[in-house]
Amino acid sequence: MIPFSPPRIDQRVIDEVTSALTSGWITTGPRTKLFEKQLTEYCGNKCTVAVSSWTAGMELILRWWGIGPGDEVIIPAITYCASANVVIHAGAKPVMVDINPDDFNISVEAIRKAITSKTKAIMPVDIAGLPCDYDAIFAIVNEPSIKSLFQANSDYQRKLGRILIAADAAHSFGATYKGKRSGAIADVSCFSFHAVKNLTTAEGGTMSINLPDSFDHEEIYKELCIKILHGQSKDALAKAQKGNWRYDVVEPGFKCNMTDIQAAIGLIELDRFQENLDRRKAICLGYNDGFKNESWALLPKMKDEKRETCYHLYQLRIGGASEVQRDAIMQAIFDQDVSVNVHFQPLPILTAYKKRGYKMEDYPEAWDKYQNEITLPVYFDLTDAQVQIVIQAVKNAVKQVLG
Ligand SMILES: *Cc1c(COP(=O)(O)O)cnc(C)c1O
């Protein structure tokens, strides 16, 4: 069986995790701090706080920004459920909008139509690793008529004076937009280092901040580090220093810090990230090559003048297939011992969101893309021979189902 997305665990990772384990310090400490510093250098943003997951990081960002009951956050209808859930957990309303006709990313025109005086943030999701059109999104939030609609209800909101762009960058670590790396494009970006992502720490993520220069990023870093550890004025490492046991709790904070064991994996992953990215790109181009002469194959957009994906996911679409046929094609692929997936089921077809009144018919592009989409395996250890096996399995399956 060719698995869908196994982690790359080799002796280097095992050795680094072992050194963390035997170092005498396993929770947030020197490795996490080094990892944060290297992430900031790599992405080119202003500060990075490592956390236990994307989900914990993004919920904290929304709360930190003063987003809560009565507020709205715009998200796309196709994304992982986490994008909607963090908005709900913060007490605000996720306003779902449709996606583009030519990729899986949020439609900028649909964003414009959804903005109200309650809109506090827009959460573009860089699906598969392809950055959204951030220039166009920033242009909208900076339009005088949209700015005058904006009603700030926290100091940070007043200081920014417009809607916050908080990117769901769970897929886009290493992707570029006009020469900038993901993390340094939006006001705030959260990465996910979950086991299936293109850079992993088993579980983990970041709050990567890149607000305008008028914000004090050193202060923001300190403030967020306090928030991820119960509002304690000192973290565990500082408290462990000689005679330094007493601390204050300055606010009722959260508990979502990253451990040095996770950071140990992340340091190795980051060190060899380019090698991973090159391999992923070669696999995706191999798939393009394998399918380019098939009349049914709709190949994913991976690059244009402004941006390039980090090749996190290869989203193939089977032109003309219905949802039922797509499911049958997937089954026929599984029957040939190849694992595939779907990214994603649109949120409005899932019970939690249906119950809240979201309707699939309001998002025709999302349905159109979802119904014939199949995500193929992409990871460092996938060999060229396996890529050919996957291509053949897909072709056989399509032939079997569509004739
Ligand atoms: C994986 C993922 C998340 C959640 O990340 P966690 O680290 O598991 O919390 C959020 N958004 C998208 C688009 C994802 O794929």
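Above this text is the structure in question.
Remember, it's a predicted structure, so these values are computed and weren't measured experimentally. (Residues numbered from 1 in each chain as written. Predicted model: local features only at pLDDT ≥ 70, side-chain atom pairs only at ≥ 80, totals over all residues. Heavy atoms only, no water.)

**A closer look at the overall build of the protein chain**
Here is the rule: For the purposes of this entry, the term helix denotes a DSSP run of H or I that reaches at least four residues, the term strand denotes a run of E that reaches at least two, and both are numbered from the N terminus. For this measure, only C-alpha atoms enter the radius of gyration; the expected value for a globule follows 2.2 Å times N^0.38, where N is the number of residues. Every residue pair with non-hydrogen atoms within 4.5 Å of one another is taken to be in contact. The protein chains shown are the only cover counted for residues, whose accessible areas, like all others here, come from Shrake-Rupley with a 1.4 Å probe. Here the positive residues are Lys and Arg and the negative ones are Asp and Glu; neither His nor the chain ends is included. Here the site of a charge means NZ on Lys, CZ on Arg, CG on Asp, or CD on Glu.
Of the regular secondary structure elements, the protein chain holds 16 helices and 13 strands. Against the compact-globule benchmark of 22 Å for 403 residues, the protein chain has a radius of gyration of 22 Å, which places it among compact chains. Once the C-alpha set of the protein chain is aligned to its principal axes, its extents read approximately 75 × 55 × 40 Å. The long-range fraction of contacts in the protein chain, counting pairs at least 24 apart against all pairs at least 6 apart in sequence, stands at 72%. Of the accessible surface of the protein chain, which amounts to about 16600 Å², a share of 52% is contributed by carbon and sulfur atoms. Of the side-chain charges in the protein chain, 45 are positive and 49 negative, and the distance between the mean point of each set is 3 Å.

**Digging into the packing of helix H2 (residues 30–43) against helix H11 (residues 260–271)**
Cut-off, in case you're wondering: Interaxial angle, 0 to 180 degrees, is taken between N-to-C directions of lines fitted to C-alpha atoms, where a helix line uses only the stretch in contact. Rotating anticlockwise by less than a right angle from the far helix to the near helix defines a left-handed crossing, while the corresponding clockwise rotation defines a right-handed one. Gly falls in the polar group here, along with every residue not listed as nonpolar (Ala, Val, Leu, Ile, Met, Phe, Trp, Tyr, Cys, Pro) or charged (Asp, Glu, Lys, Arg).
Two elements in contact, H2 and H11, have axes whose closest approach is 8 Å; the angle formed by their N-to-C orientations is 35 degrees. Here H2 and H11 pass one another in a crossing that is left-handed. Contacts from Pro30, Arg31, Thr32, Leu34, Phe35, Gln38, Leu39 and Tyr42 in H2 reach Asp260, Ala263, Ala264, Gly266, Leu267 and Leu270 in H11. The class makeup of the residues in the contact of H2 with H11 is nine nonpolar, three polar and two charged.

**Description of the pairing of strand E2 (residues 72–76)**
Our working definition: The rule is simple: take the accessible area with a 1.4 Å probe, protein chains only, and divide by the maximum for that residue type; under 20% is buried, over 50% is exposed, in between is partly exposed. When the strands point away from the viewer and the connection leading from the first strand across the helix to the second strand turns clockwise, the crossover is called right-handed.
Within E2, five of the five residues are buried, leaving the element largely enclosed by the surrounding structure. Burial along E2 is two-sided: the face carrying Glu72, Ile74 and Pro76 and the face carrying Val73 and Ile75 are both buried. In this fold, the crossover linking E2 to strand E3 (residues 93–97) by way of helix H4 (residues 82–89) has right-handed handedness.

**Quick word on empty space enclosed by the protein**
Rolled over the atoms, a probe with the dimensions of a water molecule shows which regions are left empty. Going by this rule: Computed over the protein atoms alone on a 1 Å grid, cavities are sets of points where a 1.4 Å probe fits but cannot get out and pockets are open sets with protein on both sides within 12 Å along at least five of seven lines; a residue lines them when it has an atom within 4 Å of a point. Grid points are joined across faces, edges and corners, and a volume is the space filled by probe spheres set on the points. Marked domain ranges trace back to an automatic or database domain assignment.
What the rule picks out here adds up to one cavity of 30 Å³ or more. The calculated volume of the largest cavity comes to roughly 140 Å³. Taken together, 16 residues form the lining of the largest cavity, with Pro6, Pro7, Arg8, Lys197 and Arg280 sitting closest to its centre. Taken together, the residues that form the lining of the largest cavity break down as seven nonpolar, four polar and five charged. Here the lining of the largest cavity gathers at least three residues from each of two domains, domain 1 (11–271) and domain 2 (273–402).

**Focus: the packing of aromatic side chains**
Cut-off, in case you're wondering: Pairing of aromatic rings covers Phe, Tyr and Trp, the last counted by its six-membered ring, and requires centre-to-centre distances within 6.5 Å; plane angles under 30 degrees mean stacked, over 60 mean edge-to-face, and any other angle means tilted. For a lysine, the NZ atom is tested; for an arginine, the CZ atom; a charge sits over a ring if that atom is within 6 Å of the ring centre and within 35 degrees of the ring normal.
In total, this model carries 18 aromatic pairs according to the counting rule given. Put simply, the rings of Phe35, Tyr42, Phe173, Phe191, Phe193 and Phe273 touch in pairs and so form one group of aromatic residues. Directly above the ring of Tyr42 sits Arg181, whose terminal nitrogen or CZ lies 3.8 Å from the centroid. Above the ring of Tyr370, the side-chain terminus of Arg326 is found at 4.6 Å from the ring centroid.

**Remarks on the layout of surface pockets**
Volume-wise, the largest pocket comes out at about 470 Å³. Lining the largest pocket are 28 residues, and of these Tyr80, His171, His194, Val196 and Lys197 sit closest to its centre. Every element with two or more residues in the lining of the largest pocket is listed here: helix H3 (54–64) and H4. A class-by-class count of the residues in the lining of the largest pocket yields twelve nonpolar, twelve polar and four charged.

**Some details on H2**
Test applied: What a helix should span is 1.5 Å times the count of its residues minus one.
Helix length check: H2, at 14 residues, gives a terminal C-alpha distance of 20 Å against a target of 20 Å (1.5 Å per residue), a fit within 8%. Listed as buried for H2 are Arg31, Thr32, Phe35, Glu36, Leu39, Thr40, Tyr42 and Cys43. Residue Gly44 follows H2 closely and has a positive phi angle near 85 degrees.

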